[in-house]
Amino acid sequence: MKDGFYYNCATHTADNILNEISSTYQIDLLNIRWKHFVNLLKEKYSVSIEPHVFNDPNLNARLAGVAMLGNYPLIQFNNSIMQSEERKHFTIVHEGVHFFRHKDDPNAEGEAFTDIIENSAYSPEEQAEELITNQTASIIMLNNSALLTCMQNRWSYGKITGFYGMSGSALFERLVNYLHFNLKIKSESARYLVGRFRYGDTVEACGFLPILTTNFDRFVDWFNDFPLTGNMLDELYLNLGLGFEAPASHWYQLNHIFSKTNPNASIAANMQK
């Protein structure tokens, strides 16, 4: 499917950028933040990064940033009060990814990439470019090592966004993509699970996704061998050494993965794209 192809492209680009940051600044992946990419762009590639406020309020509402390639590469980000600080962070990284993806393309000399907030303004080709760039940027802001560490430490949604300088919507899409493409959970279920992590009405309800994510292989193996019942989820939690039985909200979230397909199939079959 095209979506999987685009995500693979994004992952490949993000890995190249993250590895270059790691080797340039001698830091491991876990400790990479979005500002390290900014430093790489400025110090290694002489990219100028400038704030900009448009005189036209309509442009301030519609245009997040622009990247211009050439001998004097430039990134401008919308610095108006209409843009949150977290949105500005994402825009800078997003435009930096445009530069990185095309810096070695001789046909891109003088080309400009514009980050328009409303995706419908793009052509199909531009939409593909923007999708890959958005996914790449989100991986740079929260790479897999950092994501799994947050889950392992049971960080809340708000703590993750605050620590990594991400907007709530950016983190939402990052987690959905990780569940869908990395763990092969169906897209609808991935959105449901991330929604419960973000908006769950109790601490318990918000706590299922970190457990599932950091013990995913154990979940798959367990429910391939045992029936999908609340009692068996309790047994799994005890087996994992969590020290508590599964709350009802966790059972409901796990059951959502099955209820959208065949409830009698294995968990692996239900978790395919």
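Attention here is on the structure that accompanies the text. Just so we're clear, the structure is a prediction, and the values are computed from it rather than from any experiment.

About the criteria used
- Counting from 1, residues in each chain are numbered in the order their sequence is written.
- Thresholds applied to this predicted model are a pLDDT of at least 70 for local features of residues and 80 or more for the giving and counting of side-chain atom pairs; totals over whole chains, interfaces and linings are not thresholded and use all residues.
- The basis for the side-chain values is all heavy atoms of the structure; hydrogens and waters are excluded.
- Type-normalised accessible area, obtained with a 1.4 Å probe on protein chains alone, sets the label of each residue: buried when under 20%, exposed when over 50%, and partly exposed for intermediate values.
- Segments assigned H or I by DSSP are reported as helices when at least four residues long, segments assigned E as strands when at least two residues long, and all are numbered from the N terminus.
- This arc is built from the directions going out from the helix axis to the C-beta atoms.
- We call two residues in contact whenever any of their non-hydrogen atoms come within 4.5 Å of each other.
- In protein, a polar contact requires one atom able to donate a hydrogen and another able to accept it; more generally it is a pair of N or O atoms within 3.5 Å, and residues adjacent in sequence count only if both atoms are side-chain atoms.
- Within this scheme, the nonpolar core is defined by two criteria: the residues are buried Ala, Val, Leu, Ile, Met, Phe, Trp, Tyr or Cys, and they are joined through side-chain atoms within 4.5 Å.
- Each pair of aromatic rings taken from Phe, Tyr and Trp, with Trp reduced to its six-membered ring, is defined by centres within 6.5 Å and is described as stacked if the planes are under 30 degrees apart, edge-to-face if over 60, and tilted in the remaining cases.
- Two limits define a charge over a ring: the Lys NZ or Arg CZ must be within 6 Å of the ring centre, and within 35 degrees of the ring normal.
- With axes taken as lines fitted to C-alpha atoms, and helix axes fitted only over the stretch in contact, angles between N-to-C directions fall between 0 and 180 degrees.
- Roughly parallel covers angles under 35 degrees, roughly antiparallel covers those over 145, roughly perpendicular covers 65 to 115, and oblique covers all other angles.
- The crossing is said to be left-handed when, going from far helix to near helix, the turn is anticlockwise and less than a right angle, and right-handed when the turn is clockwise.
- Side-chain classes follow a simple rule in which Ala, Val, Leu, Ile, Met, Phe, Trp, Tyr, Cys and Pro form the nonpolar group, Asp, Glu, Lys and Arg form the charged group, and the remainder, Gly included, forms the polar group.

Of all the positions in helix 7 (residues 157-164), only Tyr157, Ile160, Thr161 and Tyr164 are classed as buried. All buried residues of helix 7 project into a common sector of 95° when viewed along the axis, lining one side. In this fold, the buried residues of helix 7 make contact with helix 2 (34-43), helix 5 (124-141), helix 6 (144-152), helix 8 (168-182) and helix 9 (187-199). Directly after helix 7, the chain includes Gly165, whose backbone phi takes a positive value near 65°.

Turning our eyes to something else, we now look at the environment of Glu129. Residue placement: Glu129 occurs in helix 5. With relative accessibility at 12%, the residue Glu129 sits in the buried group. Along the chain, Glu129 and Phe113 lie 16 residues apart, while their C-alpha atoms are 9.6 Å from each other. When neighbours within four sequence positions are excluded, Glu129 is seen to be in contact with His98, Arg101, His102 and Phe113. A polar side-chain atom of Glu129 sits 2.9 Å from a polar atom in the side chain of His98.

One finds Phe37, Leu142, Ile160, Leu179 and Phe219 to be the most contacted residues of the largest nonpolar core, which totals 72 residues. In terms of residue count, helix 8 provides more of this core than any other element does, eight residues in total.

Enumeration over the complete set of coordinates arrives at 10 aromatic pairs. Judged by centre distance (5.2 Å) and plane angle (75°), the rings of Trp155 and Phe163 are edge-to-face. Seen in terms of ring centroids, Phe163 and Tyr164 are 5.0 Å apart; in terms of plane orientation they differ by 70°. Their pairing is edge-to-face. Since its relative accessible area comes to 45%, Phe163 is described here as partly exposed. The exposure class assigned to Tyr164 is buried, which follows from its relative accessible area of 4%. Ring-pair connections join several aromatic residues into one group, and the members of that group are Tyr45, Phe99 and Phe100. Lying over the aromatic face of Phe100, Lys103 brings its terminal NZ or CZ to 4.9 Å of the ring centre.

Helix 8 packs onto helix 1 (residues 2-25) with a crossing angle of 110° between their chain directions and a minimal axis gap of 11 Å. With respect to helix 8, the element helix 1 is oriented roughly perpendicular. Taken as a pair, helix 1 and helix 8 cross one another with a handedness that is left-handed. Of the residues in helix 8, those touching helix 1 at Asp3, Gly4 and Tyr7 are Arg174, Asn177, Tyr178, Phe181 and Asn182. Per-class residue counts for the contact of helix 1 with helix 8 are three nonpolar, three polar and two charged.

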